[in-house]
Amino acid sequence: MQQQQKSYQIPKQLFIEAYQLVKKNRGTWGVDQQSIDKFEADLKGNLYKLWNRMSSGCYFPPPVRAVAIPKKSGGTRILGIPTVSDRVAQAVVRMVFEPCVEPFFLEDSYGYRPNKSALEAVGITRKRCWRWDWVLEFDIKGLFDNIDHELLMKAVRKHTNQRWVLLYIERWLKAPLKEADGKLIARERGTPQGGVISPVLANVFLHYVFDVWLEKNIPGLPWCRYADDGLVHCNTLKQAEMVRDKIAKRFVECKLELHPQKTKIVYCKDGSRRGDYKNIRFDFLGYRFQPRLVKNSKKNSMFVSFTAAASPKALKAIRARVRKDNMF
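Rules and cut-offs
Residues numbered from 1 in each chain as written. Predicted model: local features only at pLDDT ≥ 70, side-chain atom pairs only at ≥ 80, totals over all residues. Heavy atoms only, no water. 1 Å grid on protein atoms, 1.4 Å probe; cavity = no way out; pocket = protein on both sides within 12 Å on 5 of 7 lines; lining within 4 Å. Points joined across faces, edges and corners; volume = space filled by probe spheres on them. Helix = DSSP H or I, 4+ residues; strand = E, 2+ residues; numbered from the N terminus. Nonpolar A, V, L, I, M, F, W, Y, C, P; charged D, E, K, R; others polar. Core = buried A, V, L, I, M, F, W, Y, C linked by side-chain atoms within 4.5 Å. Buried < 20%, exposed > 50% of the residue type's maximum accessible area, 1.4 Å probe, protein only. Contact = heavy atoms within 4.5 Å. Pairing = 2+ DSSP bridges.

Q: Explain the layout of surface pockets to me, please; I cannot follow it from the model alone.
A: Sizing a probe to match a water molecule and rolling it over the atoms shows the empty space that remains. Of the pockets and cavities examined, the largest pocket occupies roughly 1600 Å³. Looking at the largest pocket, it is lined by 48 residues, and the ones nearest its centre are Arg77, Asp139, Asp228, Asp229 and Lys262. Of all elements in the fold, only strand S2 (76-81), strand S3 (134-139), helix H6 (143-146), strand S7 (229-234), strand S9 (282-284) and helix H11 (312-325) reach the threshold of two or more residues within the lining of the largest pocket. A per-class count over the lining of the largest pocket returns 19 nonpolar, eleven polar and 18 charged. Taken as a whole, the second largest pocket spans an internal volume of roughly 380 Å³. Together, 15 residues line the second largest pocket, and Leu21, Val22, Asn25, Arg94 and Val196 are the ones closest to its centre.

In structure tokens:
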């Protein structure tokens, strides 16, 4: 008897590699309460079942478990934790989709990308603050909760026409959120912060919403973005205000919003820059940029430079980890 042809030809090897990635990152259980160890107890059977369902087009993601975690700034944010099986499925799609989009991403996009790091973003920002007097620091309010599905899928389709990749990305975007009391919340926008596929989807979205748009509409200004945190360097206060207003308008057009408290214009004050301005420091990726007294080793003298060091929040977190590690 001839074996029935699958709807989609997905290599089985991808599922083995995807599981290894999920196992490496560990993570907690989803709505089915199945841990990585329990999944691995019947690894061959679980991976075959997942491959069979995805190849047949009949895989539907289970709800995402809602978990509230504390934010450094206070309050909580909701993480969406997929099941272990669903994380493997997302990793399979990410392994196929990410290479399609990665070559198109711009140099100054640093977040959640292979061979890119937060430390690189801090380093280039440090150098640019020496050359440019002003910097616009912006934060997108609730990015992962507010990504417009229609605009996102339009961006995704620019980079792949593989039907099964598009099918499962759309299904993940619509998978409901399950709260601790069992209540299911339908999702009409956003992608779960905690999903394996979510970071690359957020990058695709912001590539068109911000990165490409900025270089086309406000050319010549250096910028840096790490996920939903970004910086644009400017020559003057007036220019920085203009850039802020244009970006705010652009985000509204794309159904996003600048965070009103976390978005500000900063004067990169040092020993040679004059003027009395309110904002002369900002935090970015765990570092605080501000005027600091530093030593010129060649001249054996001290001078004021606008540079970076670990932020107070980062230092507080380090101290908390040290105390925890030293507890008996």
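The discussion continues.
Q: What should I look at first to understand empty space enclosed by the protein in this one?
A: Tallying each qualifying case throughout the model produces one cavity of 30 Å³ or more. Considered as a void within the structure, the largest cavity measures approximately 60 Å³ in volume. If you go around the largest cavity, the residues you meet are Val64, Pro82, Gln90, Trp172, Leu173, Arg187, Thr191, Pro192, Gly195, Ile197, Ser198 and Leu201. Contributions of two or more residues to the lining of the largest cavity are made by helix H8 (163-174) and helix H9 (198-217).

Q: Hey, could you run me through the nonpolar core in this one?
A: Proteins that are soluble and globular tend to have nonpolar side chains buried together. Ranked by size, the top nonpolar core spans 68 residues in total, and within it Phe15, Met54, Val93, Trp164, Val232, Ile247 and Phe251 carry the most contacts. Looking at which element gives the most residues to this core, the answer is H9, with ten residues. Excluding its chain neighbours within four sequence positions, the residues that come into contact with Trp164 are Tyr8, Ile10, Met54, Val92, Val93 and Val96. Ranked by size, the runner-up nonpolar core spans 15 residues in total, among them Val122, Cys129, Cys224 and Cys268.

Q: What exactly am I supposed to notice about the sheet that holds S2 here?
A: Paired through backbone hydrogen bonds, the strands of a sheet run either parallel or antiparallel to each other. What the four strands build is an open sheet, ordered S2-S1-S4-S5; its pairing is mixed. The sheet is open, and its two edges are formed by S2 and strand S5 (184-185), each paired on a single side. By the bridge criterion, two bridges tie strand S4 (residues 177-178) to S5 in an arrangement that is antiparallel. In the strand pairing of S5, Leu177 is matched with Ile185.

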